[in-house]
Amino acid sequence: MVRVQTEDFDPGAELDNLVAARTDVGASVSFVGHMRARNEDRVVETMTLEHYPGMAEKALSEIEAEAHKRWPLQASTIIHRVGPLKPGDRIVLVITASAHRQAAFEAAEFLMDWLKTKAPFWKKESGPEGDSWVSSRSTDEDAAQRWTASGKSD
Amino acid sequence: MKVLYFAWFRDRIGMAEEEIDLTGADKLTVRDFIHDLAGRGDGYATAFEDMNVVHVALDMQEVDHDTIIGGASEIAFYPPFTGG
């Protein structure tokens, strides 16, 4: 299940929804990304998430489908917020559910790595020094690449 | 064709979208179109000055600069993704 929304989400309620009435799930992993008040040496008061409506949902669904192809997942949830956010606010939620923990852990990490580099979202930071669009980080690109490079994750 | 600009492309060009009549799209590459756009004025020239950070989607599918625009009804320009 994939959602893009401005409103906050409740990670506990989302997890309950995902595994409700299921008896084949032995492990679930939840990841929540939060907004920090500081990025490198800059103070950030507001972070505004922009997306490409339509393509964002499509990209997240494709990434989710790829995870289900690679790992034996029973269910998954991806929620990404858009609009203005304040320090401490939740930005993104990924939940994976599987029979065993290894698939759930790995798939959650994969989903986060891929959604950061393959889904059309952009962050703008606003603070005392003005507004600036966040630059993409090569460490994020490296993290996404490890799932395509030869190795155990591929 | 509907042309969309996201993030700092929108800031630099000064609009989120516009409608542009394309002729010969069956032979026109994304790169050719970027070249045309860059010649439309200062904001456009600044937006397209570094081709390494010009990412493009045709009908919501990311493509490279050598792709022929063809029958696409929507083209979007945006910087590398920074979500998550």
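Refer to the preceding data block for the structure.
Below you will find a few notes about this structure.

Reading guide: rules and limits
Residues numbered from 1 in each chain as written. Chains lettered and ligands numbered in written order. Predicted model: local features only at pLDDT ≥ 70, side-chain atom pairs only at ≥ 80, totals over all residues. Heavy atoms only, no water. Pairing = 2+ DSSP bridges. Helix = DSSP H or I, 4+ residues; strand = E, 2+ residues; numbered from the N terminus. Axes fitted to C-alpha atoms, helices over the stretch in contact; angles between N-to-C directions. Phe/Tyr/Trp six-rings, centres within 6.5 Å; stacked < 30°, edge-to-face > 60°. Buried < 20%, exposed > 50% of the residue type's maximum accessible area, 1.4 Å probe, protein only.

Considering the sheet that holds strand E10 (residues 130–133) of chain A
All names here are of chain A. Across the sheet, which stays open at both edges, the four strands sit in the order E7-E5-E9-E10 with antiparallel pairing between neighbours. Edge positions in the sheet fall to strand E7 (83–85) and E10, since each has one partner strand and no second. Taken pair by pair, the neighbouring strands of this sheet meet at an average axis angle of 25°, ignoring direction. Relative to E10, strand E9 (residues 121–127) runs antiparallel, the two being bridged by four bridges. Following the sheet pairing, Gly127 is matched in E10 by Gly130.

Digging into the sheet that holds strand E2 (residues 17–19) of chain B
Residue and element names in this part refer to chain B. One open sheet accounts for five strands, arranged E2-E1-E5-E3-E4; its pairing is mixed. Two strands lie at the open edges of the sheet, namely E2 and strand E4 (61–63), each paired on one side alone. On average, adjacent strands in this sheet sit at an angle of 25° to one another, irrespective of strand direction. Pairing of strand E1 (residues 2–5) with E2 involves three bridges; the strand directions are antiparallel. Among the inter-strand pairings, Leu4 is bridged to a residue of E2, identified as Glu17.

Focus on the packing of aromatic side chains
By the definition in use, this model includes 15 aromatic pairs over all chains. Between Trp71 of chain A and Phe110 of chain A, the aromatic rings sit 5.2 Å apart at their centres with planes inclined by 55°, giving tilted as the arrangement. Taken together, the residues span a long stretch of sequence, with Trp71 of chain A in the loop between helix H2 (55–70) and strand E6 (73–81) and Phe110 of chain A in helix H3 (residues 101–118) at a distance of 39 residues. Residue classification places Trp71 of chain A among the buried residues on the basis of a relative accessible area of 9%. Accessibility expressed as a relative area gives 0% for Phe110 of chain A, which makes it buried. Seen from their ring centres, Phe9 of chain B and Phe48 of chain B are 5.5 Å apart, and the 55° between their planes marks the pair as tilted. Here Phe9 of chain B is found in helix H1 (residues 8–13), whereas its partner Phe48 of chain B is found in the loop between helix H3 (42–47) and strand E3 (55–58), with 39 residues between them in sequence. Judged by relative accessible area, Phe9 of chain B falls into the buried class, the value being 0%.

Fair warning: the whole summary comes from geometry, so function is off the table for now.
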